[in-house]
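Commentary on secondary and tertiary structure
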Amino acid sequence: MTRRVSRGALLVTGAVYLFLHLPVLVLAIFSVNASRYSVAWTGFTLDWYRKLAGRADLLRGLRASLIVGSVSTAVATVFGTLLALALARNRFRTRRAIEGFLYLPIVTPEIVVGISLLVLFVLLRVPLGLATITIAHIAFNIAFVAVVVRARLDGLDRSLEEAALMLGADELTAFRTVTVPQLWPGIIAGALLAFTTSFDDYVITSLVAGTGSSTLPVVVYGMVRRNVEPTVNAISTLILLVTSLLIWLAFRLTRERPLAAARG
Amino acid sequence: MAEGSFPISISRRDFLERTLGASLSVPALALLESCGRGRPAGPRAGSTELGPLEPELNIYNWSDYIGPDVIPGFEKEFGVKVTYDTFESSEEMVAKLQAGATGYDLVVPPTYAVAVLLASGVLAPLSLKYLTNLGNISPLFRGLAHDPDNKFTVPWQWGMTGIAWRKDLVKAPPESWSVFLGREPRGKMTMLDDVRDVIGVFLRLRGHSINSTDPGELEAARQDAIAAKANLKAYLSAPVKAQLIAGDVWLAQLWNGDAAQARREQPALEWILPREGSTLWIDSLVVPKAAPHPRAAHEFINYILRPAIGAMVSAATGYGSPNQAAMPLLSDPVPYPSANELARLEIQKDLGRASGLWDEIWTQIKSA
Amino acid sequence: MRTFRRRLLALLARRPGLEAASLLAPGTLWLLAFFAVPMLLMLAASFMPRGMYGGVDPGFTLEHYRRFLDPLYLQVLGRTVVWAGAATVACLLLGYPVAWVISRSRHRGLLLFLIVLPFWTSFLVRTFAMIFLLRDTGLVNSLLLRVGLISQPMTLLYTPFAVLLGLVYGFLPFMVLPIYASLEKLDPSLLEAALVLGARPRARFFTVTLPLSLPGVIAGCLLVFVPALGSFITSDLLGGAKQVMIGNLVQNQFTSARNWPFGSAVSFALMALVLVTVMASLRLRDRPSGEVTR
């Protein structure tokens, strides 16, 4: 089975990865730079990391972002996948219209979405807080996940699923053991996109956040725009390192399974 | 619906407007009703007598706009837990409060926003009996246009908008706003990314008010602004500091406090108030009607009014302290504007309906 | 539990429409409640006169939509569409090869992760890092000067080039991930068959790979184009705020302009444009296969 890839494609890919990671490298380097303004290298220091421990607001923001991000991603991934399935598998007249409407949460300027949600919450007397932020994030994340999973579903080979049905599995089992594994890359891609969108969201979040429920971008926005203090670089680098570690661990743990499945 | 089939002749369009207007005014009134009304628990803000001290306080302010020890000091002395939320655009803060967000006890709006918040029914008058240190505020900052009877605001910090410039890179001090219309230093100048600040400059340049709503004056300002755009490197607000320090930008429209902060890392940086005059801005403390902890809010305001605390705030922010009792405690205070300077300074007022015209001009400037 | 399952499946078998409805329900209901309803409020507001200080006054008017038809604002829309289009094309040209390489690689998990990793830093912090790199006194210019490739610093920052760079940076995963999801299930034996039948690489790409990955390409293009239409912060930070996009316009209406209804009207005009574009693209996607494989 040949997996040859043209040299051109490899070159472009290499350049793209370099381009993507260069700014990240820069910001990591400045997290250990002694100067307050990220202008020039003035010496190595871990002060900014030490300062992080004292920045309760940054840590609280991080915690809020993680909670909102994981909950909204989990819910949106489930709802969005189901939605994509319905759209791909069934013919009904309004199908394409619904699919078209899915793109609206993605294009609508955030301030409009944010203000309108705020007005809704106020009218319904819903207290603002992490819950309202999560509700808002689930809404736009459903759209992202549905669109990505939908792309995956197109042209997905139904014959495996039909074979399972013919062999006596009921629909739910067939879905669980055949369809979902095939869908998995699409679901993961959608979930990743949803989480990063949620983690980075500023405008909608700041409008529907209640007192004391600021997420990381809301806390960081001011710091970055007005002073670009390296403490922000420090927390960003830390987030990177921790997520890399977590993903690496998850990767190591799940790698065993394909072999075990083949054997057993 | 054929025209003329009504007993009174009414045009179709008129009818449409009336019925739709009626049916839309239900959600509209709901929207309006939602703007700025909250349901606070105990004794409401605005009453002369407030209840006992609450255990919590929610502040909504710019980030980095308070000294690091101010809040811990307050928390320890009064036993109140303070939550400090931040915004990065006063306009977004205003929109959020207008849409009906509640929960904040203290908010820090600029002068023009006070009128807007008042008109939207968001603010409560201050319960003055709890503000015993109010006398520390300099008379320069009392009785101003945005709050003539000093009923709703207590000044927080003040500043001016001028020009920050690198004396090692620019030959002559930019004493006039016309520097932006000139060629030198081309491509090394920036203005603030703010509709009021940019158009205001070109109004002042021709001797008009920064609050002008006259179409003729605004048209002249628009043409100047478009002419100046060709000489600008960019429209930058706070992020221009890093560029000034690095030398990418040689001359920038900037607030005096930010310039002072940047000077700590780049001694060649100077700040000047152009001779045509500029904006004097004041950020104030206000208490929303829906504040859940009005007593704690007032105690905090009174605490800030202490000379030592006022000095702490200004020392950290680099901006001017309106607290004249705090001035002697500061090592390098921003001096109060002289009579000469005051004559050249104006306070921004809300533009009312003219904000639409200003926005159209801003869009035209940015589209040029 | 088993009897519940059996009863559920029997029910679904009897009423085929129910299956579709139950799959659709959670997502659609959520979006209806927390997107459609708030948007309807905004739609109503777009037909009302503006309040003096923001918000709305009672009444009905078409003036906001009429105002949007002014050449000034249509020009803003046009400019935004051009930028979004440029970002989409750039992302496609760069993202397709990347998605291809990842789908053929043994380390696809790692590569996918590396594509997404930069996005777990704050967007603003990343953008400021780019500013540092692209400044006149920044890293790129310093390196080029030192190596001797240029004698004067190039103006990279606050240019359209910088904005495009920033947009591509921000939207690349949105292009790569759907294309990857589509390519990953591409059966290599199809390509082998084409190779055996004598097709050159270019022919193989255009007759086998591209058509089969088209759903992913369309999804990727839409996922970049659509949000790019609403974006404006990249243009402000990396372009020096020297131009106004639809996103800026709407933002301004809710802030300094205090004209909420006009902001709503502009947003709905934008949404209408997107709906039309998306429906047309979906029709294009559905055309070749036509029937859903069932």
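Definitions and limits used
- Residues numbered from 1 in each chain as written.
- Chains lettered and ligands numbered in written order.
- Predicted model: local features only at pLDDT ≥ 70, side-chain atom pairs only at ≥ 80, totals over all residues.
- Heavy atoms only, no water.
- Helix = DSSP H or I, 4+ residues; strand = E, 2+ residues; numbered from the N terminus.
- Areas by Shrake-Rupley, 256 points an atom, 1.4 Å probe, with all protein chains shown as cover.
- Phe/Tyr/Trp six-rings, centres within 6.5 Å; stacked < 30°, edge-to-face > 60°.
- Buried < 20%, exposed > 50% of the residue type's maximum accessible area, 1.4 Å probe, protein only.
- Lys NZ or Arg CZ within 6 Å of the ring centre and 35° of its normal.
- Contact = heavy atoms within 4.5 Å.
- Buried area = accessible area lost by both parts, 1.4 Å probe.
- Salt bridge = Lys/Arg side-chain N within 4 Å of Asp/Glu carboxyl O.
- Polar contact = N/O pair within 3.5 Å; in protein donor to acceptor, adjacent residues only side chain to side chain.
- Pairing = 2+ DSSP bridges.
- Axes fitted to C-alpha atoms, helices over the stretch in contact; angles between N-to-C directions.
- Right-handed = clockwise from strand over helix to strand, strands pointing away.
- Nonpolar A, V, L, I, M, F, W, Y, C, P; charged D, E, K, R; others polar.
- Parallel < 35°, antiparallel > 145°, perpendicular 65-115°, else oblique.
- Left-handed = near helix turned anticlockwise from the far one by under 90°.
- pLDDT = per-residue confidence, 0-100.
- Core = buried A, V, L, I, M, F, W, Y, C linked by side-chain atoms within 4.5 Å.
- Disulfide = S-S within 2.5 Å.
- Patch = residues over 30% accessible without salt bridge, like charges linked within 9 Å, V, L, I, M, F, W, Y side chains within 5 Å.

1. Remarks on the overall build of chain B
Scanning chain B from N- to C-terminus turns up 12 helices and 10 strands. Summed over its atoms, the accessible surface of chain B is roughly 14,000 Å², and 55% of this surface lies on carbon and sulfur atoms.

2. Some words on the packing of aromatic side chains
Within this structure, the stated rule accounts for 30 aromatic pairs over all chains. When the centroid spacing of 5.8 Å and the interplanar angle of 75° are considered together, the rings of C:F171 and C:F174 count as edge-to-face. Within this pair, C:F171 and its partner C:F174 are both found in helix α8 (residues 160-183), separated by three residues, close to a single helical turn. Both residues of the pair, C:F171 and C:F174, count as buried. Here the aromatic residues B:Y60, B:W62, B:F87 and B:Y104 are joined through ring pairs into a cluster of three or more. Between B:K366 and the ring centre of B:Y235, over which it is positioned, the NZ or CZ distance is 5.3 Å.

3. Section: the interface of chain C and chain A
Listed by partner, the interface residues are 98 residues for chain C and 100 residues for chain A. For the pairing of chain C and chain A, the buried interface totals around 9,100 Å² over both sides, and the portion due to carbon and sulfur atoms is 76%. On the surface where chain C and chain A come into contact, there are one salt bridge. Residue A:D200 pairs with C:R126 through a salt bridge whose shortest N-O separation is 2.9 Å. Taken together, the links from chain C to chain A amount to six residue pairs in polar contact (both at pLDDT 80 or more). If you tally residues by element for the side of chain C that touches chain A, the top one is helix α2 (residues 16-46) of chain C, at 17 residues.

4. A few points about the environment of B:S338
With respect to the secondary-structure elements, B:S338 resides in the loop between α10 (307-317) and α11 (339-344). Along the backbone, B:S338 and B:V94 are 244 residues apart, and their C-alpha atoms lie at a distance of 32 Å.

5. Remarks on the sheet that holds strand β3 (residues 106-107) of chain B
Residues and elements named next belong to chain B. Read across the sheet, three strands follow the order β2-β1-β3 without closing on themselves; strand pairing throughout is parallel. What marks the edges here is a single partner per strand, and that holds for β2 (81-87) and β3. Relative to β3, strand β1 (residues 56-62) is paired through two bridges, and the arrangement is parallel. Looking at β3, one finds that Y60 is bridged to V107. This element, helix α3 (residues 90-98), spans β1, β2 and β3 of the sheet and lies at about 135° to β1.

6. Some words on α10(B)
Given 3.6 residues per helical turn, the α-helix brings residues three or four places apart onto the same face. Residues and elements named next belong to chain B. Of the positions making up α10, those classed as buried are I309, G310, A311, V313, S314 and T317. Contacts from the buried residues of α10 go to α2 (70-78), β4 (154-166), α8 (256-263) and α9 (294-304). The positive-phi residue at the C-terminal boundary of α10 is G318, with phi of around 80°.

7. Focus: the pairing of β1(B)
Residues and elements named next belong to chain B. For β1, the buried fraction is high: six of the seven residues fall into the buried class. By the bridge criterion, seven bridges tie β1 to β2 in an arrangement that is parallel. Along β2, the bridge assignment pairs Y60 with D85. In terms of handedness, the path from β1 via α2 over to β2 forms a crossover that is right-handed.

8. Description of the interface of chain B and chain A
Contact residues are listed per partner, giving 29 residues for chain B and 27 residues for chain A. Taking both sides of the interface into account, the surface hidden between chain B and chain A amounts to around 2,500 Å²; carbon and sulfur atoms contribute 57%. Linking chain B with chain A are zero salt bridges, by the criterion used here. Elements supplying a minimum of two residues to the side of chain B that touches chain A: α1 (12-34), β1, β2, α3, α7 (240-246) and α8 of chain B. Broken down by element, the residue count for the side of chain B that touches chain A peaks at four residues, all from α7(B). Among the residues making up the side of chain B that touches chain A, the classes are represented as 13 nonpolar, eight polar and eight charged.

9. Considerations on the packing of helix α8 (residues 159-166) of chain A against helix α9 (residues 171-200) of chain A
All names here are of chain A. Relative to each other, α8 and α9 sit at 155°, their axes nearing to 9 Å. One finds that α8 runs roughly antiparallel with respect to α9. Crossing hand, α8 versus α9: right-handed. In this structure, α8 uses L160, E161, A164 and L165 to contact α9, whose residues at the interface are E171, A174, V178, T179 and Q182. Its residues assigned to classes, the contact of α8 with α9 comprises five nonpolar, two polar and two charged.

10. A word on the confidence of the model for chain C
Residue and element names in this part refer to chain C. Per-residue confidence for chain C averages 86 on the pLDDT scale, and 95% of its residues sit at or above 70. Note that residues 289-294 has pLDDT below 50 and, in this model, eight contacts with residues that lie over four places away or in other chains. For this predicted complex, the interface confidence comes out at an ipTM of 0.86, alongside a pTM of 0.86.

11. Some thoughts on helix α4 (residues 111-119) of chain B
Buried residues of α4(B): B:T111, B:Y112, B:A113, B:V114, B:V116 and B:L117, and no others. The inward-facing, buried residues of α4(B) contact α3, α5 (195-205) and β9 (278-285) of chain B.

12. Side note on the pattern of salt bridges
Applying the stated criterion across every chain yields a total of 23 salt bridges over all chains. Across the pair B:E299 and B:R295 runs a salt bridge, and its minimum N-O distance is 3.0 Å. With B:E299 and B:R295 both in helix α9 and four residues apart, the pair spans about one turn of that helix. Summarising the burial analysis for this pair, B:E299 and B:R295 share the class buried. What emerges from the salt-bridge pattern is a single network uniting B:E91, B:D350 and C:R258.

13. Brief notes about the nonpolar core
Counting 249 residues, the largest nonpolar core has A:I115, B:L57, B:F300, B:I301 and C:I102 as its most contacted members. Discounting residues that sit within four places of it in the chain, B:L57 has contacts with B:F74, B:V80, B:K81, B:V82, B:T83, B:D105, B:H293, B:A296, B:A297 and B:F300. Judged by nonpolar contacts, the second largest core, of 29 residues, contains B:V198, B:V201, B:L232 and B:W362.

14. Observations regarding the state of the cysteines
With the rule as written, the count across this model stands at zero disulfides over all chains. The closest cysteine sulfur to the non-disulfide-bonded C:C91 is located on C:C221, 9.0 Å from its own sulfur.

15. Quick word on unusual backbone geometry
The phi dihedral of A:R125 is positive, around 55°, even though this residue is not glycine. Mapped onto the elements of the fold, A:R125 is located in the loop between α6 (110-123) and α7 (130-153). Classification of A:R125 by relative accessible area gives exposed; the value is 55%. Within the chain, C:Y158 stands out as a residue other than glycine whose phi angle is a positive 60°.

16. Side note on a nonpolar patch on the surface
A cluster of nonpolar side chains, contributed by A:L238, A:L241, A:V242, A:L245, A:L246, A:I247, A:W248 and A:L249, occupies part of the molecular surface with about 750 Å² of accessible area. Its location among the elements puts A:I247 in helix α12 (residues 230-263).

17. Here's the deal with the environment of B:P215
Residues and elements named next belong to chain B. Here P215 is to be found in helix α6 (residues 215-229). By relative accessible area, which is 54% here, P215 ends up exposed. Sequence separation between P215 and W358 is 143 residues; the distance between their C-alpha atoms is 9.5 Å.

18. A look at the side chain of B:H298
All names here are of chain B. Along the chain, the position of H298 falls in helix α9. H298 gets classed as buried once you look at its relative accessible area, which sits at 0%. A polar atom in the side chain of H298 sits 2.9 Å from the backbone nitrogen of S127. For H298, the residues in contact, after removing those within four places along its chain, are L50, L126, S127, Y130, L131 and V287.

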